[in-house]
Structures are given as C-alpha cells and as structure tokens.
Amino acid sequence: MKNQDLVEFLRSSGVCEVCQLRYLKARGTEYRDIKETLQKLDVKLNGNVENKEGNEDQPAKKARLGVCTTCLGLFSKDFQMELLEGILASDFAKYDCQKIVLAICLPMSLQLRQLAMWFALQRKFGASVDSSNPPDVPIKEAVKLILHPIICEKLAKEYDANGLMINIDLTHKLEHEEVEKLVKLNKEAFPAKAAYQKRIEISRGLLEKQYQPSKVRAETFEKYFQIPGSTVEEPLKLTSIDLQGPLVCVAGRYRKLSRELSHTPWILNGQRLMEDSIEEIIIRHVGPHFTEKLDKITFMSSGREDVDVRCLGKGRPFVLEIPNAIRSCLSKDQAFKMEQAVDESGKVSILHLQVVARDELTHIKTGEEQKKKFYRALCALKEPVSVEILDKLQISVSFDIQQKTPIRVLHRRPLHTRPRTIYSVKAKVQRGNPKALVIDIVTQAGTYIKELVHGEFGRTAPSLSSIIGKPIDIQALDVVGIDLDWPPEVDNAIHTE
Ligand SMILES: [Zn+2]
C-alpha cells in the first residue's frame with residue numbers, strides 16, 4: 001500500500017488532513033506542519049491546498065468544508081477555537097497553575113468510525129492492513145500529540161499529568177442512535193456472551209477490547225453501520241468544561257506552646273469544648289493561598305498530643321492535603337509570612353513550611369508504630385525524692401509494658417491491651433522542689449505517657465509508680481522530640497527578594 005494511494009482513499013472518504021496523518025502513523029512534531037510531513041511521506045498535496053487563490057468550485061474545497069468522517073471535527077481549527085474560548089470562559093483565570101492537562105471524554109461514535117475505516121482499508125488494501133493492530137494513531141494518543149501542544153501554547157502553559165485538569169465533555173448528535181445500534185450489533189457479534197450476561201454494558205472499554213476486525217466480521221458490522229463511516233453534517237459538540245486543580249501537599253513542623261489547645265476541633269455532643277485548635281490555626285493561615293474551600297483541607301500529623309501537653313524541640317511534622325488547589329507553588333517569602341502569622345497566635349508556631357510531592361506523605365502515614373517519641377514530664381511525689389527512688393528511675397535498658405486503653409480515651413478508642421517499648425527513663429529532682437521530679441522518657445510511638453507514669457490502677461504495668469512502689473502524679477507533659485526527619489529543614493526567613 002503506497003502512502004499516496006492511502007491518502008487518496010482517505011480524502012475520498014472525507015477524512016481530514018490531521019486524520020490522514022494519523023493513518024500515515026505520523027508521530028510527535030510531524031503534526032505541526034501537515035504539508036511538510038505529507039511531502040516528506042511522498043504524498044502529493046491536494047491541489048487546493050497549494051493554490052489558495054484558485055478556482056472557487058474545485059471539488060476538494062467542498063470536501064474540506066465538511067466534517068471529518070473519522071474525528072468528527074475534533075482536530076479542526078474550529079474546534080480548537082471553540083475549546084480555547086470555552087476554557088477561557090470557565091474559571092480558568094482563577095487558577096494560578098503553570099501546568100495543565102486535558103482530559104477529554106469522547107463519544108463512542110468516534111470508536112465506531114475508527115472501526116468502520118479499519119474495515120474499509122482492509123477491503124481496499126487487503127492483507128497489508130492488520131486485523132488486530134489499528135491502522136491509525138489512536139484518537140486519544142493523537143489528542144496528546146496534537147491538541148495538547150496547541151492548547152498549551154495558546155494558554156502559555158506547560159503540559160503535566162499532575163497539573164490543572166481540564167475535563168472536557170464532548171457529545172455528538174448521532175451518538176445516542178449509534179449506541180442503540182451497537183447494542184443490537186453486540187448481541188449478534190457476540191451471541192454467547194449476550195446469552196450469558198443479562199444486560200450488556202456497552203462501554204468504551206468494551207469497544208476497545210472487542211471491536212476489531214479479528215473479532216467482529218465486517219459483514220455483521222455493516223448491517224448496522226456504514227463502511228467507511230457515513231458523512232455527517234454536524235461536528236462534535238462541546239457540552240461542558242470542568243476544571244480540577246491539583247492536589248497540593250504542604251508540609252512543615254509545628255510546635256505546640258499552649259496547654260489549652262486541642263489538636264483538632266474538640267466537639268462533644270455538638271458543643272465546642274475549646275475555641276481553637278492546631279488544625280484550624282494552621283489551615284486559617286496557610287489554606288487561603290491555595291483554595292477558597294478551607295473545609296476541604298485535610299490536616300495530618302505524625303501522632304498528636306493531648307490538649308494539656310506541649311510539643312517543643314524541633315516540633316512535630318504535619319502536612320496539609322489540599323484538593324483542587326488554585327495554585328501549587330509557595331515562595332519562601334510567602335511561606336515565611338504564613339509562619340509569622342501562625343506564630344502570632346501565641347499558641348502554635350510552625351517552621352519549614354513547604355510544598356512536598358504527594359508520595360512523600362508516606363513518611364507521615366506509615367511506620368508510626370516504629371517511631372520513637374521523646375517526652376519530658378513534670379511529676380510530683382507525696383514525699384521528698386530519695387536517692388533510692390532517683391536510682392530506680394534511671395533506666396537505660398529498654399523494657400516492655402502492657403497498656404490497657406486508658407479510661408479517658410475509651411469513648412473513642414476500642415479496649416485493647418497493647419505492648420509498648422520504653423527505651424529509657426531519666427529522672428532528676430526539680431530545682432527548689434524536693435517533692436518534684438523532671439523525668440525524660442523515650443518511648444515507642446503510641447504509648448500513653450500519663451498512664452505510664454501513674455499506672456492507672458494497674459491498667460498499665462509496669463509503670464513508673466509500680467517501679468518505685470509509690471504513687472506519682474503527673475503535673476505537666478511536653479513532647480520534646482519525634483524521630484521523624486521530615487520534611488527537610490528549610491529556613492524560609494532567608495530569601496532573596
Ligand atoms: Zn479528522
């Protein structure tokens with residue numbers, strides 16, 4: 001089969017120039033200059049293309065005005081304009097994203113026409129046209145090769161699969177009618193399956209898998225559809241454009257400076273028990289840069305503290321998951337301003353704020369149990385601390401405890417007995433108060449520290465209280481370290497602007 005013969009046949013069947021290139025299996029940039037590529041492939045140009053000033057009633061001109069019988073106008077200049085205008089008329093301007101991706105939902109009519117042309121080429125050119133490998137560059141791939149670069153260029157954006165997603169829905173006047181015919185064809189072409197399945201789901205996937213000349217006979221197909229595809233008057237119709245911004249993840253570390261602040265909104269029986277929370281303070285100052293819908297943001301952290309526990313030291317890693325973001329960049333300058341705004345709350349401070357890749361969230365989501373936590377507890381005895389007591393609370397060899405779910409969290413956690421490892425305990429007497437101890441404790445994540453100290457009537461065993469054989473009361477607790485080295489440290493205060 002010569003390229004020239006193929007193109008002539010396609011032209012006579014009302015196939016547009018872009019689709020002619022698809023059938024010549026053109027690749028990448030070859031779609032940029034159609035004339036040049038056709039010449040390169042030894043195809044004579046259609047008289048009219050070269051001679052624009054030519055005779056008004058040349059037959060080729062007429063053909064060009066019609067809608068392409070294989071792409072239904074998808075690759076026409078008119079459609080590009082319509083698409084571009086549609087995008088600009090949408091909420092597109094709201095999004096401050098440099099990267100975009102088109103997701104086009106195509107009517108099944110296009111797949112049917114592709115098959116019709118496949119049959120037609122086999123009839124015309126015989127065995128040189130394969131029965132299981134399509135003779136053309138599939139429309140979906142061609143959209144990537146042709147439409148994507150054009151739309152990106154006109155909008156001055158870059159293509160990126162994770163960029164702002166432009167969902168484009170296309171229909172065609174004939175689709176409904178053709179799908180009905182397809183249901184009938186399907187029963188005839190695959191009778192065994194039709195008998196076995198009560199209702200056959202006609203889908204794009206089914207068409208892709210089952211509908212090729214090696215599986216459906218041209219004669220059967222032709223009872224319902226023309227070979228090659230019939231000429232049409234109307235092009236594809238653009239029914240909707242829907243934008244979906246990227247999912248942006250913003251990570252950092254927070255320090256909790258207040259003993260009167262919950263992790264997330266604390267609501268009991270519909271009543272707020274505390275007016276603010278770490279989650280809300282951070283989202284309030286970071287969220288608006290990325291979205292108008294703050295309620296859609298998910299706040300996650302590597303563990304959490306109780307309301308009355310501070311978190312000091314390097315702080316606790318956290319991440320905000322922001323869906324449908326209007327922008328995905330955060331400059332150091334902007335990050336620094338957010339850090340300052342959160343600091344002003346006086347209750348929480350944040351550092352190392354940065355946008356991270358989505359797959360980095362595994363740092364926060366997994367391995368929680370294996371992590372070590374570092375605490376400092378202020379504890380009180382009923383008597384002055386003796387040397388003997390102090391000695392018993394210097395433990396450098398790790399030991400295991402059994403911990404029943406504390407009574408105070410039973411309303412939200414199931415009752416279990418969990419083994420936990422305590423890596424070390426180091427106590428000293430608080431200066432100026434002989435009955436008070438400052439105890440540094442390193443534990444496996446997930447250990448309830450208050451119960452580890454006082455034992456909760458034996459529900460945690462052993463406990464520091466059972467080790468010294470005396471009651472201990474815990475008065476204040478700070479988290480002083482979490483052994484998760486993520487996200488990377490960045491100093492947003494240093495920026496060059
Ligand atoms: Zn076409």
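Above this text is the structure in question.
Per chain, residue numbering runs from 1 following the sequence as it is written. Reporting in this predicted model follows two pLDDT cut-offs: at least 70 for local features of residues, and 80 or more for side-chain atom pairs to be given and counted; totals over whole chains, interfaces and linings ignore these cut-offs and use all residues. With hydrogens and water set aside, each side-chain value is computed from the structure's full complement of heavy atoms.

Q: I keep staring at the overall build of the protein chain and nothing clicks. Help me out?
A: For the protein chain, the count of helices and strands is 18 helices and 17 strands. Compactness check: the protein chain gives a C-alpha radius of gyration of 34 Å against a globular reference of 23 Å for 497 residues, more than 25% above the reference. On the principal axes, the C-alpha backbone points of the protein chain span a range of 110 × 60 × 40 Å. Three labels apply to residues, based on accessible area from a 1.4 Å probe with only protein chains included: buried if under 20% of the type maximum, exposed if over 50%, partly exposed otherwise in between. Looking at the protein chain as a whole, 47% of its 497 residues are labelled buried. Using a 1.4 Å probe, the Shrake-Rupley method yields the accessible areas, and only the shown protein chains count as cover for residues. Accessible surface computed for the protein chain: about 26,200 Å², of which carbon and sulfur atoms make up 50%. Neither His nor the chain ends contribute to the count of charged residues, in which Lys and Arg are positive and Asp and Glu negative. Positions of charges follow a simple convention, taking NZ of Lys, CZ of Arg, CG of Asp or CD of Glu. A distance of 5 Å separates the average location of the 73 positive side-chain charges in the protein chain from that of its 68 negative side-chain charges. Only DSSP runs of H or I reaching four residues or more are called helices, and only runs of E reaching two or more are called strands; each is numbered from the N terminus. Here the globule rule reads 2.2 Å times residues to the power 0.38, and the radius of gyration is calculated from C-alpha atoms.

Q: Would you explain the side chain of Arg459 in this entry?
A: Mapped onto the secondary structure, Arg459 falls in the loop between α17 (449–454) and β16 (460–461). Setting aside chain neighbours within four positions, we find Arg459 in contact with Gln402, Gln403, Lys404, Thr405, Pro406, Ile407, Leu410 and Leu415. Residue contacts are counted whenever heavy atoms from the two residues lie within 4.5 Å of one another.

Q: Can you help me understand the coordination of the zinc ion in this one?
A: Tetrahedral coordination by four donors places them ideally at 109.5 degrees to one another around the metal; octahedral coordination by six donors ideally gives 90 or 180 degrees. A donor here means an N, O or S atom no more than 2.8 Å from the metal, or no more than 3.2 Å when the metal is Na, K or Ca. Since water is not included, a site may seem to lack partners. Here the zinc ion is held by Cys16 (SG), Cys19 (SG), Cys68 (SG) and Cys71 (SG), and the distances to it run 2.2 to 2.3 Å. Metal sites are grouped by the angles between bound donors: all angles between 85 and 135 degrees with four donors is tetrahedral, opposite donors over 155 degrees apart with the others between 65 and 115 is square planar for four donors and octahedral for six, and any other pattern is irregular. For the zinc ion, the four donor atoms in the first shell make angles of 106 to 118 degrees at the metal, a pattern classed as tetrahedral. Mapped onto the sequence, the residues coordinating the zinc ion show the spacing C-x2-C-x48-C-x2-C. You can see Cys19 sitting in helix α2 (residues 17–23) and its partner Cys68 sitting in the loop between α5 (59–65) and α6 (77–89), a full 49 residues away along the chain. Grouping residues by exposure puts Cys19 and Cys68 together as buried.

Q: What is the right way to look at the environment of Lys372 in this model?
A: With respect to the helices and strands, Lys372 occurs in strand β11 (residues 372–380). Distance from Lys372 to Tyr211, taken between C-alpha atoms, is 57 Å for residues 161 residues apart in sequence. Discounting residues that sit within four places of it in the chain, Lys372 has contacts with Tyr423, Val442, Thr443, Gly481, Ile482 and Asp483.

Q: Is there a simple way to think about helix α8 (residues 139–155) in this case?
A: Since there are 3.6 residues in each turn of an α-helix, residues three or four apart along the chain are aligned in direction. One fewer than the residue count of a helix, multiplied by 1.5 Å, yields its expected span. Between its first and last C-alpha atoms α8 spans 22 Å; for 17 residues at 1.5 Å apiece the expected length is 24 Å, and the two agree. A bend of about 35 degrees at Leu147 is the largest found in α8, and the proline Pro149 appears one to four places after it. Taken residue by residue, α8 has Ile139, Ala142, Val143, Ile146, Leu147, His148, Ile151, Cys152 and Leu155 as its buried positions. Buried residues along α8 sit in contact with α2, α6, β1 (99–105), α7 (109–125) and β2 (158–159). Downstream of α8 by one or two residues, Ala156 has phi in the positive range, about 55 degrees. Note that bend, as reported per residue, equals the angle between axes fitted to the 7 residues terminating at that residue and the 7 residues originating from it.

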